[in-house]
Amino acid sequence: MISFGMSEEQELVRDAMREFAADAIRPIARECDEASEIPKDFLDTAWTLGLTSTQIPEQYGGAGEERSLVTNAILLEELAFGDATLAIGALAPSLFANAIVDQGSEDQKKTYLPLFCGESFATGSLAVCEPDAFSDASRPRAIAEPKGDSFILSGRKTKVVFGDRASHFLVTARLGDDLGAFIVPRDAAGLKIGETEKNMGLRALTTNTLDLERVEVGSDALLGGAAGADVQQILNTSRAGLSAVMLGVSRAVLEYCVPYTKDRIAFDEPISKKQSIAFRLADMHIEQHALRQLVWQAASLLEHGEDATRAAWIARSYAAEKSMWIADNGVQILGGHGFIREHPVEMWFRNARTLGVLEGMVTL
């Protein structure tokens, strides 16, 4: 029998993350957006939750808990309901660590996974976005050229989360007719890390450009070793995760607008009684639930090792369109209040717009 309900364990995770979002994320979200910075003490607090380390196998220093991608999708929605920027920041270490867990060679796991099992916040990052208007993460312009026992990487990446502090980058590049991913340390010769980018949304999240000017890495830098890795699966997992974040933003907008319309009086009655408002809220509610089913479907296929390329792309594409539509309707419902910082909807609008054009920002 197929069940669309949560298991008891998933409900516990949902409740714990919902409480953390309410206590530690939502109260500082606006302040972080205004300051364009995520406080170190927040990252340290989020680190104590073990969002990354608990799912790393025990032999590499982690807690060895079973990893469920559907549960992680639920977790991401709840954190993003508090704030998308802080949710992505809290899960940033998983971008690099999860790819190593899933597809790294034994030597790569022994070398890199212990870095994410310490007592203080530590992160790597994933570099897949490129500056071209029609760039496709599945067909990067960055290239990797074999050179004896090494590879020469050339290209440019953008929107690299925590590029200012990541110890290592997982860089995607064309390797002949295939797609490869390469582990590049931040001090690699020829790697230039750009200044912090200024974005319309997710303003508190530090993102940087990476310029790879014939960066030479050893053959052991190829993710998965000589056998390589299924980089498309990494992209699928990231797209499903990004969709879960956009779902959280959408829910935040809706749950803010409903009580607002009940309290806002116009012409001697709450505006929630106006058909144009009530129908709009109903449509927002429907789209939010439809998006959740797409996110869970993609996460479930990934969890069971099935091909999720189509499902992950549909979820991401639908999330990009509908989260923006929901956020825009939230601004319209609030009227003039939708454009001022007294209400968080304008921030969520900017975040939804930014999330819809990104890749590789978060993973399940």
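For every chain, the first residue of the written sequence is number 1, and numbering continues from 1 onward in sequence order. Confidence filtering applies because this is a predicted model: local features only for residues at pLDDT of at least 70, side-chain atom pairs given and counted only at 80 or more, and all residues used for totals across whole chains, interfaces and linings. With hydrogens and water set aside, each side-chain value is computed from the structure's full complement of heavy atoms.

Undergrad: What is the right way to look at the overall build of the chain in this model?
TA: Under the scheme used here, helices are H or I runs from DSSP no shorter than 4 residues and strands are E runs no shorter than 2 residues, and both carry numbers assigned from the N terminus. Of the regular secondary structure elements, the chain holds nine helices and nine strands. Restricting the calculation to C-alpha atoms gives the radius of gyration, and the globule rule supplies 2.2 Å times the number of residues raised to the power 0.38. For 364 residues, the compact-globule formula gives about 21 Å, and the C-alpha radius of gyration of the chain, at 21 Å, lands near that figure. Once the C-alpha set of the chain is aligned to its principal axes, its extents read approximately 80 × 45 × 40 Å. Looking at the chain as a whole, 56% of its 364 residues qualify as buried. Here a residue-residue contact requires only that any non-hydrogen atoms of the pair lie within 4.5 Å. By sequence separation, contacts in the chain at least 24 residues apart represent 76% of the contacts at least 6 residues apart. The accessible surface values rely on the Shrake-Rupley method and a 1.4 Å probe; as for residues, cover is taken only from the protein chains in view. With an accessible surface of roughly 16,200 Å², the chain has 50% of that area assigned to carbon and sulfur atoms. Only four residue types enter the tally: Lys and Arg on the positive side, Asp and Glu on the negative side; His and the chain ends are excluded. Taken as the charge location is NZ of Lys, CZ of Arg, CG of Asp or CD of Glu. Averaging the positions of the 35 positive and the 52 negative side-chain charges in the chain gives two centres separated by 7 Å. Residue burial is assigned from relative accessible area. The probe radius is 1.4 Å, only protein chains are included, and a residue is buried under 20% of its type maximum, exposed over 50%, and partly exposed in between.

Undergrad: Hey, could you run me through the nonpolar core in this one?
TA: The tendency in soluble globular proteins is for nonpolar side chains to be buried side by side. In terms of nonpolar packing, the biggest core is built from 100 residues, with Phe42, Leu79, Ile88, Leu170 and Leu355 touching the most fellow members. Broken down by element, the residue count for this core peaks at 15 residues, all from helix H6 (residues 231-263). By nonpolar core is meant a set of buried Ala, Val, Leu, Ile, Met, Phe, Trp, Tyr and Cys residues that side-chain atoms within 4.5 Å join together. Counting 20 residues, the second-largest nonpolar core is a separate cluster that includes Ala142, Leu210, Leu212 and Leu222.

Undergrad: Teacher, can you tell me more about the packing of aromatic side chains here?
TA: Given two aromatic rings, their pairing is described by the distance between the two centres and the angle made by the two planes. Between the rings of Phe, Tyr and Trp (Trp by its six-membered ring), a pair exists once the centres lie within 6.5 Å; its type follows the angle of the planes, with under 30 degrees stacked, over 60 edge-to-face, and the other angles tilted. Summed over all chains, the structure comprises seven aromatic pairs. Centroid distance tyrosine 256 to tryptophan 348: 5.8 Å. Interplanar angle 80°. Geometry classified as edge-to-face. In this pair, tyrosine 256 is assigned in helix H6 and tryptophan 348 in helix H9 (residues 345-355), connecting sequence segments 92 residues apart. Using a relative accessible area of 24% as the deciding quantity, one classes tyrosine 256 as partly exposed.

Undergrad: Just checking my understanding: could you explain the pattern of salt bridges for this structure?
TA: Close approach of charged atoms lets side chains of opposite charge pair. Salt bridge, as applied in this entry: a Lys or Arg side-chain nitrogen positioned within 4 Å of an Asp or Glu carboxyl oxygen. Enumeration according to the criterion identifies 28 salt bridges in this entry. Ionic pairing is found between arginine 14 and aspartate 15, a salt bridge with its closest N-O pair at 3.1 Å. Relative accessible area serves as the criterion here: at 37%, aspartate 15 is assigned to the partly exposed category. The salt bridge partner of aspartate 33 is arginine 203, with a shortest N-O separation of 3.9 Å. Highlighted residues: aspartate 33 in helix H1 (residues 8-35) and arginine 203 in the loop between strand E6 (191-196) and strand E7 (207-218), separated in sequence by 170 residues. By relative accessible area, which is 27% here, arginine 203 ends up partly exposed. Taken together, the salt bridges that share partners define one network made up of Arg30, Asp33, Glu34, Arg203, Arg341, Glu346 and Arg350.

Undergrad: I tried to follow the side chain of glutamine 103 on my own but got confused; where do I start?
TA: With respect to the secondary-structure elements, glutamine 103 resides in helix H4 (residues 84-103). Here glutamine 103 falls in the buried class, since its relative accessible area comes to 12%. Here a polar contact means two N or O atoms within 3.5 Å. Within protein one must be a hydrogen donor candidate and the other an acceptor candidate, and residues neighboring in sequence count only if both atoms are side-chain atoms. Polar side-chain contacts of glutamine 103 include one of 3.0 Å to the side chain of glutamine 233. If sequence neighbours within four positions are ignored, glutamine 103 has contacts with Leu223, Gly224, Ala229, Asp230, Gln233 and Ile234.

Undergrad: Looking at this structure, I do not really get H1. What am I missing?
TA: Because an α-helix completes one turn every 3.6 residues, residues spaced three or four positions apart along the sequence face the same direction. Here, expected helix span is obtained from the residue count minus one, scaled by 1.5 Å. In a regular helix each residue adds 1.5 Å, so 28 residues correspond to 40 Å; H1 covers 39 Å between its end C-alpha atoms and thus fits that length. If you look at H1, its biggest bend is around 50°, right at alanine 29. Burial in H1 covers these residues: Gln10, Val13, Arg14, Met17, Phe20, Ala21, Ile25, Ala29, Arg30, Cys32 and Asp33. Among the structural elements, helix H2 (40-47), helix H3 (69-82), H4 and H9 are those in contact with the buried residues of H1. Positive phi shows up at serine 36, right after H1, with a value of about 55°. Working definition for bend: take the seven residues up to and ending at a residue and the seven starting at it, fit an axis to each, and measure the angle between the axes.

Undergrad: I would appreciate a short explanation of the packing of H2 against H4 in the present structure.
TA: Geometrically, a packed helix pair is captured by the angle between its two axes and the distance between the axes. In this description, a line fitted to the C-alpha atoms serves as the axis of each element, helices being fitted only across the stretch in contact, and the angle between N-to-C directions of two axes falls anywhere from 0 to 180 degrees. For the pair H2 and H4, interaxial distance at closest approach is 10 Å and the crossing angle is 55°. Looking at the two axes, H2 sits oblique to H4. Note that H2 runs across H4; the crossing there is right-handed. In contact with Phe42, Leu43, Ala46 and Trp47 of H2, H4 contributes Leu86, Gly89, Ala90 and Pro93. Residues that form the contact of H2 with H4 fall into these classes: seven nonpolar, one polar and no charged. Note on terminology: angles under 35 degrees are roughly parallel, angles over 145 are roughly antiparallel, angles of 65 to 115 are roughly perpendicular, and the others are oblique. Note: crossing handedness is left-handed where the near helix turns anticlockwise from the far helix by less than a right angle, and right-handed where it turns clockwise. Under the grouping applied here, Gly and all other residues not named as nonpolar or charged are polar, the nonpolar ones being Ala, Val, Leu, Ile, Met, Phe, Trp, Tyr, Cys and Pro and the charged ones Asp, Glu, Lys and Arg.

Undergrad: What am I meant to see in the pairing of strand E2 (residues 143-147) here?
TA: Sheet faces and side chains relate simply in a regular strand, where the side chains alternate between the two faces. DSSP bridges decide pairing: two strands pair if at least two such bridges lie between them. Examined bridge by bridge, E2 and strand E3 (residues 150-161) share five bridges and lie antiparallel to one another. Bridging from a neighbouring strand, alanine 144 pairs with leucine 153 of E3.

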